[in-house]
Amino acid sequence: MTSLKKDPVLVVLQLSGGNDMLNTLVPYTNPLYFDNRPNVLIPEDQVLPINDDVGFNPNFESLKNLYDDGKVAIIQGVGYPNGNRSHFRSMDIWHTCEPEIMASEGWLGRAIRDLDPNQENVLTGVNLGRGLPRSMAVPGVPVASVGSLANYGVLTTIEAEEQRNEALDIFARMYSPAIGLGPVMDYLSQTGMDGMKGADILAAGVADYSSAVEYGSSSMSQYMKNIAQVHTAGLGTRVLYTTAPYNSFDTHATQLSAHSSLCANVSRTVSDFYEDIKEHNASDNLILLLFTEFGRRVHDNGTGTDHGAGGAALVIGDAVKGGLYGEYPSLEQDRLDNGDLAFNNDFRGLYATILEDWLGLDSKPIVNGSFEKLDFISKG
Amino acid sequence: MLNEDVKLMAHLMRRAGFGASYEEIERRAAVGYEATVEELLHPEGQPDLEMDVMHRYMHGWRDMHGIMANQGYWTYRMVNSSRQLEEKICAFWHGIFCVGDSKCQKPKQIQIQLDNFRAKGLGNFAILLLDLAKDPAMIYYLDNQLSHKDAVNENWGRELLELFSMGVGMDGAPNYTEDDVKNCARAFTGWTISNAIPRYPYGFYDSEFLYNEFDHDDGEKTFLGETGNFNGEDIIEIIAKQPSTARFVSRHLCNFFVADEPQVPAWQNTPPMHPELITELEREYYRSGYEIRSMLRVLFNSDVFKNSRFAKVKSPAELVASTLRLTGTFSGPAPKMYEPVMEIRYMGQDLLNPPTVEGWHTGAEWVDSGTLLERINFAAGQMGATESPGVRAIIDRLGSEGIEISPDRLLDGCLEMLGDYKLNDETRLMLINHAESTGASSGGTDAFAQQVGQMLQLIVSTQEYQFT
């Protein structure tokens, strides 16, 4: 890493539960929208217009500002053939790029393997949250999974400080690569050292972080702050990931109030995050992807909406060519897919664009095939 | 110093169950090894867990609709059931006959399947396969309700052969052809379920197996060299008598109970680690008429098993449940009961939701830098709680040995109490030095309790504690 050019970094924010595309990106001049959403609708005069056809949810004000600055690409109608309406299965599909069979390798795990084939940096991939999302899991590819950045490391369950320091000292010696104890023991030793090393580097790296930005208190905001801390520490991390709390976007009931606060939180968190990395002069080599496993049913169910298909994804950053990509799926009855928006944009094309045009990787073995790319990364 | 009977019993209880406290191991060693094997092989001879109190506190455990309730209930059984092998064999089959909540979205239906593994998992393998073929969760998971006379879906038919009974091949040669897969799948057309599984929009209901004779292909089929108008039962009968099935089941038993083998897809071309034991198990498979219980009796009484101590990496469920059995802290309703349950998931084993139909990759593949930290931090956190009944019992027991306990004895005593763990020489030396540096203390004092607690924390942080 002696080159002056900074390595490109990808951050992913997963919006779990199925975010409602219709009320995120509102087709506010389409009468079919109002016909289908007698109860769960955003009134026309509240929408933040993007053009004459669509506008942002009113709670997306700060995100709209980023859009107006040309930093937000909106990928419309994103999905995959024969959309699966199960949260878990659909999320698996987004994670593994395999709609037909159950697969276990995650696309970002593969990307991390390609970005750091010799495993020189134990922090090439970092997840913020407990447990690894399948998207980052590939056997043999180390990824740090950080439940709490402030309290991440080995033997953190030992509370007394002096006692923990003693234990850590012993731990470091116990796990220092042993010779001749057998392949599995050696592997465990190496893995223990990797874990400890990663934790030490992270702790030291983020220790000096300070920022004028004050993030919100939600776990999503705090994890995005952690991502900013890791990114601005310059530890060579290339892929960072976090997940908005478990299925929070699953708005089957009382959607209007729930979805408003979700949108407000996403919008504020994203703009805080952008402000933060901008302040640290670290916004030029990072893009942020926001995705969800599916959109929601076109017709509301009284107070909420059920699981649907085609949704929207956002890609945000200095290197992004802002604007609308793909087509807004038709709301005409005969063009719906079982009552849901039909996808017109395969998510694997979105991934391929990020992998090839941003991270500089060959996307085919990662997303399992060739898919049409979108032109939202500015070459420069 | 532990006698050999106690050491061997600690090993048996770790493998045939989820470990045991030192008291239980001593008690069982006094009863004898073979008698304990027999007791384990007949879990129905032990009382089942009394659930009334838990049901009053854990509301979700009555209707079992949520995945967390199901995972919590199973963890509770692993830790507390006196029928230890019943839960172990349930975990064994769950890791092979995989069904995942990510697709089924109805964990209760999977729990019904697990209950069948509990009831019949030590019984006849052919009956187990037949039950599996009729299991609503499995039918839905592998799409057999979409397999019709005129439009065969091969998903179940293929996995039945590849993953559930014969395996793709052995001794370097394939076990069946693509035609066998097709004909197997044809024989199971019409094997469907009465209600589609996902719960929306009509609420919760159980699904039932349904045989639709009008959707069954009753034409002639050739399967593994035999020809007839086979139905699913005939196919399972043919499968059960194949040498490849005897091998596959034997090898799975060795992989799970004796020593980590390579991952299953490698078995066609990699010979078993203990061929002599495999041969014995294959022989017992036929002799007993496919009885898993009989095979396990041979296995547990074999020298290969007795000498395979710490030859396996603990699964997350084993690590969590066995640690909780040592600390004695998961035995009744308590706040934050789901925390240790979630740990199993964080360590990479989302029970009732294996990543794919191939199940979890086991052995060293359980461990990566993220999951290793989870394992170490969890175990050290549990062992540091010196007020836990199990940790307290260890402190009291060691404290009763004398007024001053030497550093060597402190270490060895802790290793024994945890179940005869062995450490490599360098680690031993380091831990003895550590005990010396903190100074000797007398049994019964707080300082001694602290010292034991710290020693236990360090032991469960070692590489060695990751093994079973």
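In this convention, every chain numbers its residues from 1, walking through the sequence in written order. Chain letters and ligand numbers both follow the written order, the letters beginning at A and the numbers at 1. Reporting of local features is limited, given that this is a predicted model, to residues whose pLDDT is at least 70; pairs of side-chain atoms are given and counted only at 80 or more, and all residues count toward the totals for whole chains, interfaces and linings. For side-chain calculations, the full set of non-hydrogen atoms in the structure is used, while hydrogens and water are omitted.

Overview of the pairing of strand β9 (residues 286-291) of chain A
All names here are of chain A.
Okay, step 1: Working definition: with a 1.4 Å probe on protein chains only, accessible area under 20% of the residue-type maximum means buried, over 50% means exposed, and in between means partly exposed. Counting from the N terminus, the helices are the DSSP runs of H or I reaching at least four residues and the strands are the DSSP runs of E reaching at least two. Summarising burial for β9: 6 of the 6 residues are buried, a large majority.
Okay, step 2: Alternating positions in β9 separate into two faces, Leu286, Leu288 and Leu290 on one and Ile287, Leu289 and Phe291 on the other, with burial throughout.
Okay, step 3: Note: two strands are recorded as paired if DSSP finds a minimum of 2 bridges between them. For strand β1 (residues 9-14) and β9, the ladder comprises 6 bridges, and the chain directions are parallel. Among the inter-strand pairings, valine 9 is bridged to a residue of β9, identified as leucine 286.
Okay, step 4: Both β9 and strand β10 (residues 311-316) contribute to a ladder of 3 bridges, which runs antiparallel. Following the sheet pairing, leucine 290 is matched in β10 by leucine 314.

Some details on helix α8 (residues 219-232) of chain A
An α-helical segment advances 3.6 residues per turn. Residues three or four places apart therefore align on the same side.
Residue and element names in this part refer to chain A.
Okay, step 1: Expected helix span is computed as 1.5 Å times (number of residues minus one). The end-to-end C-alpha distance of α8 is 20 Å, a good match for the 20 Å that 14 residues give at a rise of 1.5 Å each.
Okay, step 2: Burial within α8 is extensive, with 10 of its 14 residues counted as buried.
Okay, step 3: Residues of α8 that are buried include every one of Met220, Ser221, Tyr223, Met224, Asn226, Ile227, Ala228, Gln229, Val230 and His231, and no others.
Okay, step 4: Where α8 ends, the next residue or the one after it, glycine 234, has phi of about 65°, a positive value.

Concerning the packing of aromatic side chains
Okay, step 1: Pairing of aromatic rings covers Phe, Tyr and the six-membered ring of Trp, with a centre-to-centre limit of 6.5 Å; geometry is then stacked below 30 degrees between planes, edge-to-face above 60, and tilted otherwise. Applying the stated rule across the entire model yields 36 aromatic pairs over all chains.
Okay, step 2: Their ring planes at 80° and their centres at 5.9 Å tell us that Tyr80(A) and Phe347(A) sit as a pair that is edge-to-face. Taken together, the positions of Tyr80(A) in the loop between β5 (72-79) and α4 (87-96) and Phe347(A) in helix α10 (residues 347-358) put the pair 267 residues apart, joining distant regions of the chain. Here Tyr80(A) matches Phe347(A) in class, with each residue buried.
Okay, step 3: Looking at Arg14(B), its charged tip hangs above the ring of Tyr421(B), at a distance of 5.1 Å from the centre.
Okay, step 4: One residue, Lys88(B), lies across the ring of Phe18(B), its end atom 5.0 Å from the ring centre. Either the NZ atom of lysine or the CZ atom of arginine qualifies as a charge over a ring when it sits within 6 Å of the ring centre and within 35 degrees of the ring normal.

Some words on the packing of α8(A) against helix α9 (residues 255-279) of chain A
Residue and element names in this part refer to chain A.
Okay, step 1: The angle between two axes is taken between their N-to-C directions and runs from 0 to 180 degrees, where each axis is a line fitted to C-alpha atoms and a helix contributes only its stretch in contact. Closest axis-to-axis distance for the α8/α9 pair is 10 Å, and the angle between their directions is 15°. When the axes of α8 and α9 are compared, the pair comes out roughly parallel. The crossing of α8 and α9 is right-handed. In this structure, α8 uses Met220, Ser221, Met224, Ile227, Ala228, His231 and Thr232 to contact α9, whose residues at the interface are Asn265, Val266, Thr269, Phe273, Asp276 and Ile277. Note that the term roughly parallel is reserved for angles under 35 degrees, roughly antiparallel for angles over 145, roughly perpendicular for angles of 65 to 115, and oblique for everything else. Crossing chirality is assigned from the near helix's rotation relative to the far helix, an anticlockwise turn below a right angle marking it left-handed and a clockwise turn marking it right-handed. Contacts are assigned to residue pairs that have any heavy atoms within 4.5 Å of one another.

Section: the interface of chain A and chain B
Okay, step 1: At the junction of the two partners, chain A supplies 40 residues and chain B supplies 38 residues.
Okay, step 2: Buried area between chain A and chain B, summed over both chains or domains, comes out near 3500 Å², and the portion from carbon and sulfur atoms is 65%.
Okay, step 3: As a working definition, buried area equals the accessible area (1.4 Å probe) given up by two parts on being put together, with both sides summed. Together, Met102(A), Arg130(A) and Met174(A) form the three largest contributors to the area buried by chain A at its contact with chain B, with a combined 18%.
Okay, step 4: The rule for a salt bridge is simple: a side-chain nitrogen of Lys or Arg has to be within 4 Å of a carboxyl oxygen of Asp or Glu. One can count 2 salt bridges joining chain A with chain B.
Okay, step 5: In this structure, the salt-bridge partner of Arg130(A) is Glu343(B), at a minimum N-O distance of 3.2 Å.
Okay, step 6: What qualifies as a polar contact is a pair of N or O atoms within 3.5 Å, subject to a donor-acceptor requirement within protein and to the restriction that residues adjacent in sequence count only when both atoms come from side chains. On inspection of chain A and its partner chain B, the count reaches 17 residue pairs in polar contact (both at pLDDT 80 or more).
Okay, step 7: Put simply, the parts of the chain that give the side of chain A that touches chain B at least two residues each are α4, α6 (161-175) and α7 (183-206) of chain A.
Okay, step 8: Looking at which element gives the most residues to the side of chain A that touches chain B, the answer is α7(A), with 9 residues.
Okay, step 9: Of the residues that constitute the side of chain A that touches chain B, the class distribution is 20 nonpolar, 13 polar and 7 charged. Each residue receives one of three labels: charged for Asp, Glu, Lys and Arg, nonpolar for Ala, Val, Leu, Ile, Met, Phe, Trp, Tyr, Cys and Pro, and polar for the others, Gly being one of them.

Observations regarding the layout of surface pockets
Okay, step 1: A cavity here means a set of 1 Å grid points, computed over protein atoms only, where a 1.4 Å probe fits but cannot escape. A pocket is an open set with protein on both sides within 12 Å along at least 5 of 7 lines, and lining residues have an atom within 4 Å of a point. Grid points are joined across faces, edges and corners, and a volume is the space filled by probe spheres set on the points. Size it by volume and the second largest pocket reaches roughly 1100 Å³.
Okay, step 2: What lines the second largest pocket is a set of 44 residues, and nearest its centre among them are Thr157(A), Glu343(B), Asn377(B), Gly381(B) and Gln382(B).
Okay, step 3: Residue assignment for the lining of the second largest pocket shows that the elements contributing at least two residues are α20 (338-346), α21 (369-383) and α25 (446-460) of chain B.
Okay, step 4: Of all the elements, α21(B) adds the most residues to the lining of the second largest pocket, at 8 residues.

Overview of the sheet that holds strand β2 (residues 25-26) of chain A
Residues and elements named next belong to chain A.
Okay, step 1: Judged by pairing direction, the sheet is antiparallel, and its 3 strands sit side by side in the order β2-β4-β3 without closing on themselves. One side of each edge strand has no neighbouring strand; the edge strands of this open sheet are β2 and β3 (48-49).
Okay, step 2: Bridge count for β2 against strand β4 (residues 55-56) is 2 bridges, and the pairing is antiparallel. Across the sheet, valine 26 pairs through a bridge with glycine 55, a residue of β4.

A short note on the side chain of Glu284(B)
Okay, step 1: Note on placement: Glu284(B) falls in helix α16 (residues 275-287).
Okay, step 2: When residues no more than four places from it in sequence are discounted, the contact partners of Glu284(B) are Ser294(B), Met295(B) and Val298(B).

Looking at empty space enclosed by the protein
All names here are of chain A.
Okay, step 1: Enumeration over the complete set of coordinates arrives at 10 cavities of 30 Å³ or more.
Okay, step 2: Volume-wise, the largest cavity comes out at about 160 Å³.
Okay, step 3: Considering the residues around the largest cavity, the lining is formed by 17 residues, among which Leu15, Asn19, Thr24, Ala312 and Leu314 are closest to the centre.
Okay, step 4: Broken down by secondary-structure element, the contributors of at least two residues to the lining of the largest cavity are α1 (21-24), α9, β9 and β10.
Okay, step 5: Sorting elements by how many residues they give to the lining of the largest cavity places β10 first, with 3 residues.
Okay, step 6: Of the residues assigned to the lining of the largest cavity, the class counts are 13 nonpolar, 3 polar and 1 charged.
Okay, step 7: Surrounding the second largest cavity, 19 residues form its lining, Val78, Gly79, Phe294, Ala309 and Gly310 being those nearest its centre.
Okay, step 8: Of all the secondary structure elements, the ones that give two or more residues to the lining of the second largest cavity are β5, α4 and β10.
Okay, step 9: Residues that form the lining of the second largest cavity fall into these classes: 8 nonpolar, 9 polar and 2 charged.

Geometric values such as these leave the question of function open.
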